[in-house]
Amino acid sequence: MKLVGSNDLQARSAYQPTIHHQGDRWIAYIGHHGGTDAVPDPANPLTGNAEPNGTSIVDVTDPAHPKYLRHIPGQEGKYEGGGGQMVRVCDGKTLPKGDPNAVYMLRTFGGEAHEIWNVADPSNPVLITRLGGLRDTHKSWWECDTGIAFLVSGASDWRTRRMTQVYDLSDPAHPVKIRDFGCRARSRAQPARCRPNCMGRSRPAPKATGSISVTGTDKGGMLQIVDRDKLLNGPKEPTPDNLRYPEVSRLMMSAFNGAHTTFPMLKMPIAEFAKDKGRQDPRHRDDHR
């Protein structure tokens, strides 16, 4: 491995990049944390203004000579308290109800909102939708073929800082909320509880850090796998029974380590399963939750 090219991203702290093929170009969309104590709002040479960190858009078609196209400012704030940390991209022609001429970018706006922009012209993005009134938004997942999005958010009627809001974004201009979801009832309408860990102590309910299709993780060390159909079509009220209903399994890990982005690797051969009675070879399985 060797370095081919680089771009200083206007001295903004990069967090999550997504590279998307648009026409005959490859465009990189880069999420940023908030600014630093030393430089809360770096200067944007394209505008001549100091701007809060947000989203950088870079043409990387020629990897040796990446070209910075546009910066979209994010929420004012420093480190985890500002910026626009995550970004996902879907073509309008792929989304079931999208504008076929559009390219949609989903991003967080600091910790307070999710936004969808049309970046068909990556040098001139246009805001389409804003889902605001939130707190502590984080890394989300968007299925381009179905339009279903799993948005890590903090809602005012939930005690935990982060949970998952499931939306139908098949038409990005008209988002439809499906439900709120978490590992357990953390709605303020439900009794506050703690769950015991393996050491016999108690710890507060988990804070979601990322959902990928139908798996999710939290900083307290839990990985959860849910049945997608039950999640989308099951009862929506966030009662303890309803929140347990879609769950297929969970893995409790050390709360000292937590968990972050967990990416399922489907159809991978697992040696321990090779001789299990009644199990299909995972390399040939097409059904998965």
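Residues numbered from 1 in each chain as written. Predicted model: local features only at pLDDT ≥ 70, side-chain atom pairs only at ≥ 80, totals over all residues. Heavy atoms only, no water.

### A look at the environment of R228
And then number 1: With respect to the element layout, R228 can be found in helix α1 (residues 228-233).
And then number 2: Distance in space between the C-alpha atoms of R228 and P246 is 7.3 Å, their sequence separation being 18 residues. (Helix = DSSP H or I, 4+ residues; strand = E, 2+ residues; numbered from the N terminus.)

### Remarks on the side chain of Q165
And then number 1: Mapped onto the secondary structure, Q165 falls in strand β13 (residues 163-168).
And then number 2: Its relative accessible area of 5% is what places Q165 among the buried residues.
And then number 3: Of note is the side chain of Q165, whose polar atom sits 3.3 Å from the side chain of D180. (Buried < 20%, exposed > 50% of the residue type's maximum accessible area, 1.4 Å probe, protein only. Polar contact = N/O pair within 3.5 Å; in protein donor to acceptor, adjacent residues only side chain to side chain.)

### Describing the state of the cysteines
And then number 1: A complete count under the given rule lists 1 disulfide for this structure.
And then number 2: Two residues share a disulfide in this structure: C90 and C144, whose sulfurs sit 2.0 Å from each other. Judged by the sign of its S-S torsion, about -85°, the bond between C90 and C144 is left-handed. Placement of C90 in strand β7 (residues 87-91) and of C144 in the loop between β11 (141-142) and β12 (148-153) is noted, with a sequence separation of 54 residues between them.
And then number 3: When its relative accessible area of 0% is taken as the criterion, C90 is described as buried. (Disulfide = S-S within 2.5 Å.)

### Things to note about the sheet that holds strand β10 (residues 126-131)
And then number 1: Strand order in the open sheet made by the 4 strands is β7-β8-β9-β10, with antiparallel pairing throughout. Of all strands in the sheet, those bounded by a partner on one side alone are β7 and β10. Averaged over all adjacent pairs, the angle separating strand axes in this sheet is 20°, with direction ignored.
And then number 2: Pairing of β7 with strand β8 (residues 103-109) involves 5 bridges; the strand directions are antiparallel. The partner of C90 across the bridge, within β8, is Y104. (Pairing = 2+ DSSP bridges. Axes fitted to C-alpha atoms, helices over the stretch in contact; angles between N-to-C directions.)

### Description of the confidence of the model for the protein chain
And then number 1: Residues at a pLDDT of 70 or more form 77% of the protein chain, whose mean pLDDT is 79.
And then number 2: pLDDT under 50 marks residues 191-210. Its contacts with residues more than four places away, or in other chains, come to 61 contacts.
And then number 3: In the predicted structure, residues 282-289 sits below a pLDDT of 50 and forms 15 contacts with residues beyond four places in sequence or in another chain. (pLDDT = per-residue confidence, 0-100. Contact = heavy atoms within 4.5 Å.)

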